[in-house]
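# Commentary on secondary and tertiary structure
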Protein chains: 2
Amino acid sequence: MAGKQEEVKLLGTTGSPFVFRAILALKLKGIEYEFVEENLGNKSDLLIKYNPIYKKVPVLVHNEKAISESLLIVEYIDEAWKGNPLLPTEPYHKALARFWAKFIDDKVIAVIRKALFTKDEKAREEGVEESFEALQFLENELKDKFFGGEEINFVDIAAAIIAFWVPIFEEVSGVELITSVKFPKLYNWSQELINHPIVKENLPPRDPLLAFFKGLFANIPASK
Amino acid sequence: MAGKQEEVKLLGTTGSPFVFRAILALKLKGIEYEFVEENLGNKSDLLIKYNPIYKKVPVLVHNEKAISESLLIVEYIDEAWKGNPLLPTEPYHKALARFWAKFIDDKVIAVIRKALFTKDEKAREEGVEESFEALQFLENELKDKFFGGEEINFVDIAAAIIAFWVPIFEEVSGVELITSVKFPKLYNWSQELINHPIVKENLPPRDPLLAFFKGLFANIPASK
């Protein structure tokens, strides 16, 4: 697949944990690409053309073929470029990797949002309880340095939001979820991940993100 | 992978459109399996053991290895047994197949539920509008007899709920969504699909399902 004529564009916004998945996959695979910064307040014709259904980032455009949905983009990247595999090749292990990535999207992110983006005490307490339960499944699943073993894989990429963004959300809301006492393996993993050279080099700057989410949090209506 | 010692079990409930995806994939691939009927009112130890997170069907157990989530089961089946492929092999077409299957799960089913499982007039109208919009994307995507071309593929399996279950929901609610006038290609596709010999032979009996969903619908509270 990969030849001299490759044209790879990533439509995204700096600071999005979903766009970061695509960035990290491209960087881990060593693929050259052009980053096209989107303004979601004023979506480009390119974004509407390439993702007419959701009009969301990230969108990967590879030789005019567009792929959306962050996890599908990562799988596509892994299949279209062969070096540095991100998913296991054995079908059962591949199914498990997909399962955990989907679990993060369907469950973990939802309960963490419930815990950290509310000013309603009762909703927060429920959200914290549900987050602890969901995060415990991830804690139990961590056997090595990364979910992928010694190397970052698909699940680590999906979970990067937990390592870098969730601590920002915790700081904004004043609620702690992932401490070294409660989830020692997950906490160590998050440190390993954000200090991995390729991750570190490509993470968005923390301070502007913190300011952005502080503003978002401040605008959540107070509970009755 | 496939040898004489294979043990393949499917934990499911008759009548579930999600379980049917796994059944259809197994049948299309010609894989022998044992169906273990679950009672969701009284979940078996086996279900809790094999799907501790969601405790939901379907679960495929292949030589003691368990996979849950219906679309992940179908992908696993396609990768573990090589004959009669269900997904394209070319990465871009594979990404598209995954995109449409995910679109059905994330979007189409949600808006159809909103349209057909409510007694609130306003919610229904919104749901119908959103269903038309979502279904139009599928209508535009249908180029051949099936989403997969001349053969049933991953997207057709994901969409079987639209061909067989949605008409039951329409009958129950008295609201029509997929007519031959509004969505001619989707309507023809649904007829092709439910009359495909392997589909037809394995679909659950319609009358008990209709009675079941009539009961479900009757129990939806009337709108204020």
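Residues numbered from 1 in each chain as written. Chains lettered and ligands numbered in written order. Predicted model: local features only at pLDDT ≥ 70, side-chain atom pairs only at ≥ 80, totals over all residues. Heavy atoms only, no water.

Residues and elements named next belong to chain A. Spatially, four strands are ordered 2-1-3-4 in an open sheet, and the strand pairing comes out mixed. The sheet terminates laterally at strand 2 (34–37) and strand 4 (65–68), the two strands that pair on one side only. Strand-to-strand twist across the sheet, computed as the mean angle between neighbouring axes with direction ignored, equals 20°. Note: strand 1 (residues 8–12) against strand 2, four bridges, orientation parallel. In the strand pairing of strand 2, Gly12 is matched with Glu37. Relative to the sheet, helix 3 (residues 70–80) contacts strand 3 (59–62) and strand 4, its axis offset from that of strand 4 by approximately 130°. (Pairing = 2+ DSSP bridges. Helix = DSSP H or I, 4+ residues; strand = E, 2+ residues; numbered from the N terminus. Axes fitted to C-alpha atoms, helices over the stretch in contact; angles between N-to-C directions. Contact = heavy atoms within 4.5 Å.)

Here we take up the interface of chain A and chain B. Taken together, the contact pairs 26 residues of chain A with 26 residues of chain B. Both faces considered, chain A and chain B share a buried interface measuring about 2500 Å² in area, 72% of it formed by carbon and sulfur atoms. When the buried area of chain A at its contact with chain B is split by residue, Ile53, Tyr92 and Phe99 of chain A rank highest and sum to 24% of it. Linking chain A to chain B there are eight salt bridges. Residues Glu69 of chain A and Lys102 of chain B are paired through a salt bridge, measuring 3.8 Å at the closest nitrogen-oxygen approach. Across the chain A-chain B interface, the total number found is six residue pairs in polar contact (both at pLDDT 80 or more). Those elements giving two or more residues to the side of chain A that touches chain B turn out to be strand 4, helix 3 and helix 4 (91–116) of chain A. Tallying contributions element by element places helix 4 of chain A first for the side of chain A that touches chain B, with 11 residues. Taken together, the residues of the side of chain A that touches chain B break down into 15 nonpolar, one polar and 10 charged. (Buried area = accessible area lost by both parts, 1.4 Å probe. Salt bridge = Lys/Arg side-chain N within 4 Å of Asp/Glu carboxyl O. Polar contact = N/O pair within 3.5 Å; in protein donor to acceptor, adjacent residues only side chain to side chain. Nonpolar A, V, L, I, M, F, W, Y, C, P; charged D, E, K, R; others polar.)

Our next topic: the domain arrangement of chain A. Residues and elements named next belong to chain A. By domain assignment, chain A separates into domain 1 (8–80) and domain 2 (91–218). Listed per partner, the contact involves 15 residues of domain 1 and 20 residues of domain 2. Looking at the side of domain 1 facing domain 2, the largest losses of area belong to Phe20, Arg21 and Leu71, adding up to 34% of the total buried there. Linking domain 1 with domain 2 are two salt bridges, by the criterion used here. Residue Arg21 is joined to Asp105 by a salt bridge in which the shortest nitrogen-to-oxygen separation is 2.7 Å. The tally of links from domain 1 across to domain 2 stands at four residue pairs in polar contact (both at pLDDT 80 or more). (Domains from an automatic or database assignment.)

Residues and elements named next belong to chain B. Between its first and last C-alpha atoms helix 4 (residues 91–116) spans 36 Å; for 26 residues at 1.5 Å apiece the expected length is 38 Å, and the two agree. The sharpest bend along helix 4 reaches about 40° and sits at Ile104. The residue sitting at the N-terminus of helix 4 and contributing the capping side-chain oxygen is Glu90; that oxygen lies 3.2 Å from the backbone nitrogen of Tyr92. (Expected span 1.5 Å × (residues − 1). Bend = angle between axes of the 7 residues up to and from the residue.)

Let's shift gears to the relation of the copies chain A and chain B. Once chain A is rotated about the relating axis by 180° and shifted along it by 0.0 Å, it coincides with chain B to within an RMSD of 0.0 Å. The symmetry that links the two subunits is that of a two-fold axis. For chain A, the smallest separation between a C-alpha atom and the rotation axis is recorded for Asp106 of chain A, amounting to 5.0 Å. (Least-squares fit on C-alpha atoms with pLDDT ≥ 70 in both.)

Another aspect to go through is the sheet that holds strand 3 (residues 59–62) of chain B. Residue and element names in this part refer to chain B. Taken in spatial order, the four strands of this open sheet run 2-1-3-4, and their pairing is mixed. In this open sheet, the two edge strands, each paired with only one partner strand, are strand 2 (34–37) and strand 4 (65–68). For this sheet, the mean angle separating the axes of adjacent strands, direction not counted, is 20°. Against the sheet, helix 3 (residues 70–80) contacts strand 3 and strand 4, and its axis sits at roughly 130° relative to strand 4.

What follows covers the packing of aromatic side chains. Applying the stated rule across the entire model yields 29 aromatic pairs over all chains. Judged by centre distance (6.0 Å) and plane angle (55°), the rings of Phe132 of chain A and Phe183 of chain A are tilted. On the criterion of sequence distance, the pair formed by Phe132 of chain A in helix 5 (residues 121–141) and Phe183 of chain A in the loop between helix 6 (154–173) and helix 7 (184–195) is long-range, its members being 51 residues apart. With centroids separated by 5.0 Å and ring planes inclined at 85°, the aromatic side chains of Phe164 of chain B and Trp165 of chain B adopt a geometry described as edge-to-face. This pair shows no difference in class: Phe164 of chain B is buried, exactly as Trp165 of chain B is. Members of the aromatic cluster, each reached through a chain of ring pairs, are Tyr54 of chain A together with Phe99, Trp100, Phe103 and Phe137 of chain B. The ring of Phe217 of chain A has Lys119 of chain A lying over it, and the distance from NZ or CZ to the ring centre is 5.3 Å. (Phe/Tyr/Trp six-rings, centres within 6.5 Å; stacked < 30°, edge-to-face > 60°. Buried < 20%, exposed > 50% of the residue type's maximum accessible area, 1.4 Å probe, protein only. Lys NZ or Arg CZ within 6 Å of the ring centre and 35° of its normal.)

Now for the pattern of salt bridges. Residues and elements named next belong to chain B. Evaluated as defined, the whole model comprises 28 salt bridges over all chains. Put simply, Glu64 and Lys49 hold a salt bridge, and the shortest N to O gap is 3.9 Å. Remark: Lys49 occurs in helix 2 (residues 45–50) and Glu64 occurs in the loop between strand 3 and strand 4; sequence separation between them is 15 residues. Classification of Glu64 as partly exposed rests on a relative accessible area of 47%.

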